[in-house]
Amino acid sequence: MSVFAFASKCVNPLALLRAHTSMGASSSRNVSRRTSAARPVTTAASGHDVGKSDTAMPVAADPEIEVFQAHQANAQKLSFADECRTLVELGRYGVISTFSREHGGEYPSGSIVGFAADTAGRPIFAMSSMSGHTGDLKANGRCSLTVTAPGFKGAADARVTIMGTVEPIPAGDATTAARDLYLAKHPDAFWVDFGDFSWHRMDNILGARLIGGFARAGGVNGEVYTAGVADPVAGFSAPIASHMNADHEDTLLAMVGHYVGLTVQKASIASLDALGMNLQVTRGEDSFNMRLPFETPATDRKAIKNVLVAMTKTANKAAKAAAAGKDGEAGDEEAAAGDGEAKEEAGEETKEAV
C-alpha cells in the first residue's frame, strides 16, 4: 500500500498533500529567534502551511493518526523569513536568472553561480566579464537567485528564490569586505583576483519565495526577508543527523512514540534547526515526513546535544513505564485466568465428590 493509499483512509486528499512531507528544513539563529507562532502572518508574508483547518477528521478513525494530525498542526517551526534567510546563508551555489541579451532582453536565462550572503542576507558574487550573465546584468540588473537546501534531491526538499537587482560593488572597503566574505565560503576560489573578475551584490531585494516541501510554501517581501535571521544551528544538521541515524534510531522511535503519539517502525533525521527536527518515518508500508519540535530551543551545537539527551531520557522513561503497565495488565490477566481454572477444577472436584 502506498503512502497516498494509506493516508486516504485517514485524511482528505488536500490534507494528505500538505501533511505528507513538512519540511523545513530544512531545519537557526540567535536567542531571540522568530518562529511561525511568534511572528503573526501579515500582508507582507503569504503562503500555506499545515494548520488546524488543513487537518480533516479521518473517515475510518485511527486514534494515532488523529493525535498525529493535531500534533503536526501546531508543531513549532521556523518562520518563512527565517527559513529563507537560513537557506541563503547555508547556500554556496545557486541559479541566477537574468534577462538574456540574446533575445532582446525579454526571456530569462539561467546560470549556476557561486555566492556568499552578507549579514543582511544579500548575495555577493564574483563575476567574470566573459560570462554571459555578467553582460545580462550590466544591461538589466533585475534578476532572481534560486538556492536549494543542502543535500537537495527533489520536490520534497526546500528551496528559496529571492528577487532583486544585482549591481557592481564600488571599489574600496566594500569590495575588500566582499572578497573576505566570499573566500570564507569558497576558500579555493583563487581566481577571484584575476583581472576579468569584479564584485557584485544583490541589492534592493523585493522579496523571497519559499518552497519548504509539499506542505510548506509562501513568500515574504524584501523588508520581512531582511528582518529575518538565519538559524544558528542548521549548519550542524548534517553531522548530527548522520550520527543519530546511524547509532540511535531506537531513540528516535521512542521520541516519535512519546512526543508525537505515533507508532513507527523506522525513523531518521532529514534536517534540524534551533526549534526541532524534520524526520522521515515509516509506518507499516508507508513513509512520510513529520516535524518533531525540541522541548526547548537550541542556540548552539552543545545545546542540541543537551536537548536530545533530555528528550531521550524522557521518551525512554515513558516507554519503560508503558511497558511495565502492559506487563502488569498481562500479569493480572494471567492471575484472573489462573483463578478461573482453579475454580473450575474445584467445581469438577465438587461434582465428583457429590
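As shown above, the structure is provided for reference.
A brief structural summary. All values derive from a computational prediction rather than experimental measurement. (Residues numbered from 1 in each chain as written. Predicted model: local features only at pLDDT ≥ 70, side-chain atom pairs only at ≥ 80, totals over all residues. Heavy atoms only, no water.)

### Observations concerning the overall build of the protein chain
If you tally the helices and strands in the protein chain, you get ten helices and twelve strands. Considering the protein chain as a whole, with its 354 residues, one finds that 45% of them fall into the buried category. Accessible area for the protein chain stands at about 17900 Å²; split by element, carbon and sulfur atoms hold 56% of it. (Helix = DSSP H or I, 4+ residues; strand = E, 2+ residues; numbered from the N terminus. Buried < 20%, exposed > 50% of the residue type's maximum accessible area, 1.4 Å probe, protein only. Areas by Shrake-Rupley, 256 points an atom, 1.4 Å probe, with all protein chains shown as cover.)

### Brief notes about the sheet that holds strand β10 (residues 266–273)
Across the sheet, three strands lie side by side as β10-β11-β12; this open sheet has antiparallel pairing. Every interior strand has two partners, whereas the edge strands, β10 and β12 (286–293), have only one. Between one strand axis and the next, the sheet turns by 25° as a mean value, whatever way the strands run. Strand direction decides the pairing type here: strand β11 (residues 276–283) and β12, joined by eight bridges, are antiparallel. If you follow L279 over to β12, its bridge partner there is M290. Sheet contacts for helix α9 (residues 249–260): β10, β11 and β12; angle to β10, the most-contacted strand, approximately 80°. (Pairing = 2+ DSSP bridges. Axes fitted to C-alpha atoms, helices over the stretch in contact; angles between N-to-C directions. Contact = heavy atoms within 4.5 Å.)

### Here we look at unusual backbone geometry
Of note in the backbone geometry, N204 takes a positive phi value of approximately 50° without being a glycine. Structurally, the position occupied by N204 is in strand β8 (residues 197–211). A relative accessible area of 55% means that N204 is categorised as exposed.

### Focus on a nonpolar patch on the surface
On the surface, Y93, V95 and I112 cluster together to form a nonpolar patch covering roughly 320 Å² of accessible area. Position of V95 relative to the elements: it lies in strand β2 (residues 93–99). Taking relative accessible area as the criterion, V95 reaches 35% and is therefore assigned partly exposed. (Patch = residues over 30% accessible without salt bridge, like charges linked within 9 Å, V, L, I, M, F, W, Y side chains within 5 Å. Salt bridge = Lys/Arg side-chain N within 4 Å of Asp/Glu carboxyl O.)

### Re the nonpolar core
Ranked by internal contacts, the top residues of the largest apolar core, which has 31 residues, are V256, L262, M277, L279, V281, M290 and L308. Of all the secondary structure elements, the ones that give two or more residues to this core are α3 (63–74), α8 (237–247), α9, β10, β11, β12 and α10 (301–353). The biggest single contributor to this core is α10, with six residues. The residues touching M277, leaving out its near neighbours within four places in the chain, are M255, I269, S271, L272, M290, R291, L292, F294 and L308. Formed by 27 residues, the second largest nonpolar core is a distinct cluster that contains L87, M127, V160 and V220. (Core = buried A, V, L, I, M, F, W, Y, C linked by side-chain atoms within 4.5 Å.)

### Here we look at α8
Since the α-helix packs 3.6 residues into each turn, any two residues three or four apart lie on the same face. Of all the residues in α8, the buried ones are S237, I240, A241 and M244. Along the axis of α8, the buried positions cluster into a sector of 95°, meaning they face one direction only. Summarising the geometry of α8, the exposed residues directed more than 90 degrees from the buried face are A238, A246 and D247. (Arc of directions from axis to C-beta.)

### Section: the packing of aromatic side chains
In total, this model carries five aromatic pairs according to the counting rule given. Between Y182 and W191, the aromatic rings sit 6.3 Å apart at their centres with planes inclined by 75°, giving edge-to-face as the arrangement. Given a relative accessible area of 2%, Y182 falls into the buried group. Each ring, one from W191 and one from F197, has its centre 5.1 Å from the other, and the planes form 40°; the classification is tilted. On the basis of relative accessible area, W191 is assigned to the partly exposed category, the value being 27%. One aromatic cluster in this structure is built from Y182, W191, F197 and W199. The residue whose ring lies beneath R85 is Y225, and the NZ or CZ to ring-centre distance is 5.7 Å. (Phe/Tyr/Trp six-rings, centres within 6.5 Å; stacked < 30°, edge-to-face > 60°. Lys NZ or Arg CZ within 6 Å of the ring centre and 35° of its normal.)

### Observations concerning the environment of R85
Position of R85 relative to the elements: it lies in helix α4 (residues 80–90). Note on R85: relative accessible area 7%, which makes it buried. In contact with R85, other than residues within four places in its own chain, are D118, T119, A120, G121, Y225, T226, G228, V229 and A230. Within the local environment of R85, its side chain forms a polar contact with the backbone oxygen of T119, the two atoms lying 2.9 Å apart. (Polar contact = N/O pair within 3.5 Å; in protein donor to acceptor, adjacent residues only side chain to side chain.)

### As for the pairing of strand β6 (residues 142–148)
With three bridges joining them, β2 and β6 adopt antiparallel strand pairing. Directly across from S97, in β6, lies its bridge partner S144. Bridge count between β6 and strand β7 (residues 159–168): seven bridges; the pairing is antiparallel. The partner of R142 across the bridge, within β7, is T165.

### A word on the side chain of T312
Note on placement: T312 falls in helix α10. Excluding residues within four positions of it along the chain, T312 makes contact with T251 and M255.

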